[in-house]
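A closer look at the structure
Chain by chain, the residues run as shown.
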Protein chains: 2
Amino acid sequence: MCELLGMSANVPTDICFSFAGLMQRGGKTGNHSDGWGIAFYEKRGLREFKDPFPSYRSEIARLVRNYPIKSHVVISHIRKANAGKVCLENTHPFTRELWGQYWTFAHNGQLKGIKKRTLRHYFPVGSTDSEHAFCWIMDQLREKFPNKPRHYGSVYQQLHQLSEELRSQGVFNMLMSDSRHLFSYCSTKLSWITRKAPFEKATLKDDEFTIDFEKETTPDDIVTVIATEPLTDNEQWHKLAAGDMVVFTKGTLTKTLRPR
Amino acid sequence: MCELLGMSANVPTDICFSFAGLMQRGGKTGNHSDGWGIAFYEKRGLREFKDPFPSYRSEIARLVRNYPIKSHVVISHIRKANAGKVCLENTHPFTRELWGQYWTFAHNGQLKGIKKRTLRHYFPVGSTDSEHAFCWIMDQLREKFPNKPRHYGSVYQQLHQLSEELRSQGVFNMLMSDSRHLFSYCSTKLSWITRKAPFEKATLKDDEFTIDFEKETTPDDIVTVIATEPLTDNEQWHKLAAGDMVVFTKGTLTKTLRPR
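Analysis parameters
Residues numbered from 1 in each chain as written. Chains lettered and ligands numbered in written order. Predicted model: local features only at pLDDT ≥ 70, side-chain atom pairs only at ≥ 80, totals over all residues. Helix = DSSP H or I, 4+ residues; strand = E, 2+ residues; numbered from the N terminus. Contact = placed C-beta atoms within 7 Å. Pairing = 2+ DSSP bridges. Axes fitted to C-alpha atoms, helices over the stretch in contact; angles between N-to-C directions. Least-squares fit on C-alpha atoms with pLDDT ≥ 70 in both. Parallel < 35°, antiparallel > 145°, perpendicular 65-115°, else oblique. Left-handed = near helix turned anticlockwise from the far one by under 90°.

**Concerning the environment of A:Arg62**
- For A:Arg62, the position within the fold is in helix α2 (residues 59–66).
- Once the C-alpha coordinates of A:Arg62 and A:Phe19 are considered, the two residues, 43 residues apart in sequence, prove to be 9.9 Å apart.

Now the structure itself:
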């Protein structure tokens with residue numbers, strides 16, 4: 001199994017604290033040692049860091065941990081290879097462009113027979129079931145909405161429906177973003193927390209690291225973090241149920257979609 | 001004007017030496033201070049580093065300079081903004097997927113009226129003329145070759161023809177790759193050099209830095225570097241003429257296309 005980490009914030013925020021916890025699971029406190037990746041949105045722009053090596057001893061992961069990159073949406077993944085060999089092209093997150101926006105995707109789980117699903121517009125570069133699933137979602141979105149719809153609610157619905165369809169083929173926990181929204185779909189496990197004023201201290205489970213968010217933030221900041229498992233042990237995280245999709249915009253929960 | 005740097009090699013090679021020269025031009029020995037980016041291919045996989053800040057004082061550029069990332073195709077760019085504001089989404093190189101391959105593109109020059117060219121499949125995320133030109137090239141390639149052609153020679157021809165068309169609208173020096181080939185088209189300036197055994201010493205123009213390639217390489221290595229201006233002052237670089245396109249594969253010049 002892999003680990004997912006996402007963030008949505010109303011002001012450009014760094015994810016050093018949460019990433020510090022996650023990267024320990026990449027071969028140290030966890031066995032997810034087959035690569036890691038992180039995508040940062042800065043407005044419409046996107047930057048990504050990836051390595052097909054364990055995150056806990058990666059030079060690049062160290063840079064990401066120590067150098068505060070401020071972003072309003074982040075998606076990160078550390079990998080335990082199940083389908084597809086260990087190499088850069090199989091490392092999450094994956095990115096494609098639709099409607100002049102970069103879409104990013106990371107997945108935890110396995111999907112049986114996913115490669116039988118026909119693709120028309122987007123094709124995988126690597127050999128993972130995850131990238132195939134992502135290309136299929138993007139294909140379906142593009143077929144249904146050749147142009148960006150005015151009312152984005154129909155996009156939420158479509159994404160939830162596609163995720164439900166994929167869940168029927170195995171395990172499909174995923175994080176996805178179009179640069180503005182953070183879409184999070186739970187098949188077996190995903191937990192989230194929204195931090196806002198009054199801020200308190202938080203202690204990482206995976207590293208000897210405590211942070212006093214009051215010192216790091218302003219009273220107006222709203223920051224949501226979502227992960228496969230809670231990253232701190234002194235805060236209350238919300239656990240998603242199977243089939244739930246939550247949408248965060250600027251750090252705030254804006255929509256919850258449940259299975260029918 | 002911006003600066004371009006590309007590399008093609010038959011074995012995974014780091015570009016630290018050439019990049020050290022280029023990054024000095026990003027706000028120190030040159031005035032290209034509006035961001036920089038570099039894309040490394042590792043087989044089919046791609047990793048990119050970008051910053052909308054001057055490269056000579058970028059933390060991330062320092063990592064790229066000091067941490068040898070081994071790659072067989074590299075495309076890099078430092079930017080002096082002419083069209084489009086300074087932000088991450090306007091930072092080269094740009095990437096899109098076609099035929100299950102990542103295509104990367106960086107451009108030096110300006111193109112008048114480029115945004116009047118209609119796009120169908122690929123759309124720019126930022127506001128530069130360069131990204132629009134790239135999306136148009138990808139669109140045209142996709143229209144002509146919905147599937148990857150068996151004989152790639154027709155792709156070379158098409159890319160040269162499209163580049164010629166763009167040159168009629170302004171200045172179009174560009175580097176492009178599909179992960180295997182390095183395509184380099186010259187509108188006003190591009191120079192290249194192939195280094196192979198017997199290797200000699202090289203001295204950077206822009207930094208106090210000499211390298212003895214014999215110590216850094218094996219006798220079978222073939223490495224081509226291409227740049228807007230020669231990066232060393234004690235070696236003989238080949239200067240491309242206006243309208244020339246050269247294709248490098250595994251470090252070797254495999255095709256030259258000239259204007260009709």
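Next comes the rest of the description.
**What to know about the environment of A:Gly170**
Residue and element names in this part refer to chain A.
- Within the secondary structure layout, Gly-170 lies in the loop between α4 (153–167) and β7 (173–177).
- Separated by 61 residues in sequence, Gly-170 and Gly-109 have C-alpha atoms that sit 7.3 Å apart.
- Sequence-distant contacts of Gly-170, defined by excluding residues within four places in its chain, comprise Gly-109, Gln-110, Leu-111 and Lys-112.

**Quick look at the sheet that holds strand β6 (residues 101–108) of chain B**
Residues and elements named next belong to chain B.
- Sheet architecture is open: six strands sit in the order β5-β6-β7-β8-β14-β15, paired in antiparallel fashion. The outermost strands of the open sheet, each flanked by one partner alone, are β5 (94–98) and β15 (252–257). Sheet twist, expressed as the mean angle between neighbouring strand axes with direction ignored, is 20 degrees.
- Here strand β8 (residues 181–185) runs beside strand β14 (residues 245–249); their pairing, made up of five bridges, is antiparallel. Note on β14: the bridge partner recorded for Leu-182 is Phe-248.
- Strand contacts of helix α3 (residues 129–144): β5 and β6, with the helix running at about 10 degrees to β5, the strand carrying the most contacts.

**Here we look at the relation of the copies chain A and chain B**
- Placing chain A over chain B gives an RMSD of 0.0 Å and needs a rotation angle of 180 degrees, together with 0.0 Å of translation along the axis. Read as a symmetry element, the transformation amounts to a two-fold axis.
- Mapped onto chain B, 100% of the interface residues of chain A are again interface residues, and the two copies thus contact each other with one and the same surface.

**Regarding the packing of helix α3 (residues 129–144) of chain A against α4(A)**
All names here are of chain A.
- Here α3 crosses α4 at 140 degrees, and the two axes come no closer than 11 Å. The angle between the axes of α3 and α4 places the two elements in the oblique class. Of the two possible hands of crossing, α3 and α4 adopt the one that is right-handed. Residues Ala-133, Ile-137, Gln-140, Leu-141 and Lys-144 of α3 form the contact with α4, whose own contacting residues are Gln-158, Leu-162 and Leu-166.

**Description of the sheet that holds strand β3 (residues 45–51) of chain B**
Residues and elements named next belong to chain B.
- Spatial strand order, β3-β2-β4-β1-β12-β9-β13: seven strands in an open sheet with antiparallel pairing. Where the open sheet ends on each side, the last strands, each with one partner, are β3 and β13 (238–239).
- Judged from the seven bridges that link them, strand β2 (residues 36–42) and β3 form a sheet pairing that is antiparallel. Note that in β3 the partner of Ala-39 across the bridge is Glu-48.
- In this fold helix α1 (residues 16–24) packs onto β1 (3–13), β2, β4 (71–78) and β12 (222–227), with an angle of close to 170 degrees to the strand it touches most, β1.
- Sheet strands touched by helix α2 (residues 59–66): β2 and β3. Its angle to β3, the strand with the most contacts, is close to 135 degrees.

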